[in-house]
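Observations on the model geometry
Given next are the chains, with one letter for each unit.
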Amino acid sequence: MSRRAGVVRDLRDLGLHDHVCWAFDDADEFRARATRFLAKGLDLGEQIWYVGAGEVAALEDEMREFPGMDRALRRGAAKAASVEAAYPGKTVIDPTAQVRAYATATDQAVAAGFTGLRVAADASALVRTPEQLDAFARYEHLIDRYMLTAPFSALCAYQRSLLGEETIAALACMHPGASPNATPFWLHATADGGCAAAIGGELDLATRDLLEPALRRADLQPHNGELVLDATRLAFIDHRSLLQLAAHARNNGHGLVLRTAHPGPSHLTKALGLTNVRVETPT
Amino acid sequence: MMAATEPFIHPALFYRSDQEYLDNLVPFIRDGRRYGQPVAAAVPTKKLGLLESALGHDAKHITLIDMTEAGRNPGRIIPGVLRAFADDHPSTHVRIIGEPIWPGRSDEEYPACVQHEALINAAFRDRRVTIVCPYDVRRLESHVVADAMATHPLVWEAGHEQVSTGYAPDAAIARYNLPLNGTREAASCTVRTAADLSAARHFAATEAERAGLDRRRISDLELIASELATNSLQHTPGACQLSVWADAEHLVCEARDIGQITDPLAGRRPPVDGQPDGRGLLIVNHLADLVRVHTAPGGTTIRAYLRLDAKLR
C-alpha cells in the first residue's frame, strides 16, 4: 500500500488510505477541491462525506452542483454533514474519541457494502484557539495511524485567510501530503513496524518553531528504547534540526535513529559527536 | 627537554632532515610511553611512514593520524584532531605531534594554517597537553618560520629549547585576517529570511553541479550553504549574500554578511552534548576542505572550499 506523500497538486487520484491537507483561500475553492477528491471515492466504491460549515441541506445543495453527486446523495453513497455534527463535543475535540467515531463510521460503511469511507472536511472552525490546535493536530496524527490499515481516506481542508500560515503549517505537517506551500516538512505514520513515524521534506531554520510541537503532538512511541524515524524522504536537515530531534528523543529517555541514505545526517552526527543518534541506511 | 608536569606546552620543532625529525620526535614519543602519557602523531603521510618504521613495535601504542586528510582544512584540526584526542584522555597529560604546515600548502590555505597554529594557544590554555609542531625549515620559506615563532611560545631547534622571542599569537591572527576579494564571475543569491534557505540550497547545488562538483559532495555543499546563511540570519541584523563559483581546484561557496565574529575560537570548540545551537561553523569546518574567514566591524566574509577532484576527498 503506498500513500501520496509530500507536495500534492492534484486531488483526483488519491487512494483508499490517503490523508492530504489542503490550504484553501475561499469557499468556492474548498467546494471544487473537495468534490474532485470525493468523486474519486465514488469511482472506488467508497462512501463519501462532505463536511463543512453550515446547514446540512445547504451543504447538500452545494454538492449537487457537481456531476454525479445528486444520484450519489439519493442512493446513500454520498452524505453531507455539518462540521459540528461530524466532530461533536465541546469546542476542543477529544482526539482518541474522534478517531473512534470515524472508525465506527468506516466499519458501518464497509458493512453497508462500500469499499471504505472518504471524508472531505473543512475543519477551520475547530482550530481557532491554541488548545483546539493542539488537540486537532494530535488527532491528525492519530487518525493518520488509523488510516494506514483501515479503508479511510481524508482531505483535511483549512482556510488560509482565516487561520494564517503558521496554523496551516502546524496542521499540514501532521499529514503525509499537503497542498503546495503549506508546510516544508511532513511527520506522519508509517506502515514500517520498526519506525515510530516517517519524516519528510526539509528541516531548517524555517521549521524551528514547527518541529517540536509536531513531535510533541504526535507523541511517538519508541522501539526498544530508540525513537526510530523513517527519514528516506527527508531531503535536508540542518544541524539545529538534528539537535532538536535528538533533544526530543533524549528528553523522553530515548536514543534517536534516522533511517536515510542521505550522507548529511551521518556527517552531522559525527561532527557534533552525538552519542544518542544513529543513522541507518535503509535496506 | 620538558618537565612532564607543566600544563600546556606548545613548541615549534624546527628540523632540517628526516634524521633530525626522528631524533627529536622518537624520544618525545618514547618519553610519553614511559610517563604513561597517551601520544598521537598527526603528521603528513610520508612522515607517518617515517615515524612508524623508526618506532617499530612501539608504533602500535600511539595514535597515528594523516594530517593531509584529517587536517586538510586547518579549521577542523583543533576540534577534530587535537581536542578530540586530548578530551579522550581527560585525566592525564597527553602528547600530540601536530604538523599542519608542510611545503606544498597553497597560498589560499596558508593564512588559515597560521591562524590555526595561533589559536591552539587559546584553545588549550591550562590544559595538560603538549603539542609539538614540526616545521621543515630547510624547505619552508623564511616568512613561514617567522610566523611559527609568532604562534609558538617555545622553539625546539638543534636539541635546544628556547623561548620564542617573536611570540605574538593575536598579532598573527590579525595579520592573516585578510580581505577576501575577487568573486567577479560568481553567481549569487541573497538570503533575507528563513523561508529563503531552501531556495539558497537549491541555488548552490545547481551551480555546483554545473561546475562539476562530485555528486556525493553536493549534499555537503547544501549543508555548508545552509549553515552559513543560517548563521547570518541568527547572529546579524542583516541578510546573507551567498556566492558560488569554481576556481582551478575548488568549488567555492562564499557567505557575506554585516556581522563581525568576535569569538576567535568560533567553529573550533568541540560540541557539548545538549548545547542546542551555534555549531554552524563547526559543521562547515568539518565538511569543507578549506575555510577562510575575514571578519571586521564592517562585515564578515566566509569562504568554504570543496575540492572538485573527487579522488582527493
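Residues numbered from 1 in each chain as written. Chains lettered and ligands numbered in written order. Predicted model: local features only at pLDDT ≥ 70, side-chain atom pairs only at ≥ 80, totals over all residues. Heavy atoms only, no water.

**Quick notes on the packing of helix α5 (residues 95–111) of chain A against helix α6 (residues 130–149) of chain A**
Residues and elements named next belong to chain A. Applicable threshold: Interaxial angles span 0 to 180 degrees and are taken between N-to-C directions of axes, which are lines fitted to C-alpha atoms, for helices over the stretch in contact. The secondary structure listing takes helices from DSSP runs of H or I that are at least 4 residues long and strands from runs of E that are at least 2 residues long, numbered from the N terminus. An angle counts as roughly parallel when it lies under 35 degrees, as roughly antiparallel when it exceeds 145, as roughly perpendicular when it falls between 65 and 115, and as oblique in every other case. When the near helix sits turned anticlockwise from the far one by under a right angle, the crossing is termed left-handed; a clockwise turn instead gives a right-handed crossing. Any pair of residues with heavy atoms lying within 4.5 Å of one another is described as a contacting pair. Note on residue categories: nonpolar means Ala, Val, Leu, Ile, Met, Phe, Trp, Tyr, Cys or Pro, charged means Asp, Glu, Lys or Arg, and polar means any other residue, Gly included.
One can describe the packing of α5 onto α6 by two numbers: an axis separation of 8 Å at closest approach and a directional angle of 40°. Judged on the interaxial angle alone, α6 and α5 are oblique. Helix-helix and strand crossings are classified by hand; for α5 and α6 the assignment is right-handed. Contacts from P95, T96, Q98, V99, Y102, A103 and T106 of α5 reach α6 at A135, R138, Y139, L142, I143 and Y146. Considered class by class, the residues forming the contact of α5 with α6 number nine nonpolar, three polar and one charged.

**Comments concerning the interface of chain B and chain A**
Threshold: Accessible surface is computed with a 1.4 Å probe, and the buried area is the amount of it that two parts give up when combined, taken over both parts together. Salt bridges are defined as contacts in which a side-chain nitrogen from Lys or Arg sits within 4 Å of a carboxyl oxygen from Asp or Glu.
If you look at the interface, chain B gives 31 residues, while chain A gives 22 residues. Here chain B and chain A share an interface that buries about 2000 Å² over both sides, 54% of which is from carbon and sulfur atoms. Run the count over chain B and chain A and you get three salt bridges. Salt-bridge contacts for E227 of chain B lead to R240 of chain A; the nearest nitrogen and oxygen are separated by 3.6 Å.

**Topic: the layout of surface pockets**
To keep it simple, the criterion reads: Here a cavity is any set of points on a 1 Å grid over the protein atoms alone where a 1.4 Å probe fits but cannot get out, and a pocket is any open set with protein on both sides within 12 Å along at least 5 of 7 lines; a residue lines the site when it has an atom within 4 Å of a point. Grid points are joined across faces, edges and corners, and a volume is the space filled by probe spheres set on the points.
Empty space within the largest pocket amounts to approximately 640 Å³. Taken together, 23 residues make up the lining of the largest pocket; nearest its centre are A182, T183, P184, A206 and L210 of chain A. Secondary-structure elements contributing two or more residues to the lining of the largest pocket are α8 (165–172), β9 (197–203) and α9 (208–218) of chain A together with α8 (197–211) of chain B. Residues that form the lining of the largest pocket fall into these classes: 11 nonpolar, four polar and eight charged.

**Things to note about the domain arrangement of chain B**
How big an interface is tends to be stated in terms of the accessible area lost upon association of its parts. All names here are of chain B. Cut-off, in case you're wondering: By convention here, the domain bounds are inherited from an automatic or database domain assignment. Here a polar contact is recorded for every N or O atom pair within 3.5 Å, except that within protein the pair must consist of a potential hydrogen donor and a potential acceptor, and residues adjacent in sequence are included only if both atoms are side-chain atoms.
As assigned here, chain B comprises domain 1 (8–175) and domain 2 (187–312). Domain 1 puts 18 residues into the contact, and the matching count from domain 2 is 21 residues. For the pair domain 1 and domain 2, the summed buried area comes to about 1600 Å², and 53% of that belongs to carbon and sulfur atoms. The largest contributions to the domain 1 side of the interface with domain 2 come from R72, N73 and E108, which together make up 34% of the buried area. Our count for the contact surface shared by domain 1 and domain 2 stands at two salt bridges. Counting across the interface, domain 1 meets domain 2 through nine residue pairs in polar contact (both at pLDDT 80 or more). When grouped by side-chain class, the residues that make up the side of domain 1 that touches domain 2 number eight nonpolar, three polar and seven charged.

**So, the packing of aromatic side chains**
Residue and element names in this part refer to chain A. Put simply, the rule is: Pairing of aromatic side chains requires ring centres within 6.5 Å, counting the rings of Phe and Tyr and the six-membered ring of Trp. Pairs whose planes differ by under 30 degrees are stacked, by over 60 edge-to-face, and all others tilted. Relative accessible area decides the class of each residue, using a 1.4 Å probe on protein chains only: under 20% of the type maximum gives buried, over 50% gives exposed, and in between gives partly exposed.
Following the criterion strictly, the structure yields 15 aromatic pairs over all chains and no others. Measuring from ring centre to ring centre gives 6.4 Å for F136 and Y158, while their planes differ by 90°; the resulting arrangement is edge-to-face. One end of the pair, F136, is in helix α6; the other, Y158, is in strand β6 (residues 152–159), with 22 residues separating them in the sequence. Residue F136 is classed as buried on the basis of its relative accessible area of 1%.

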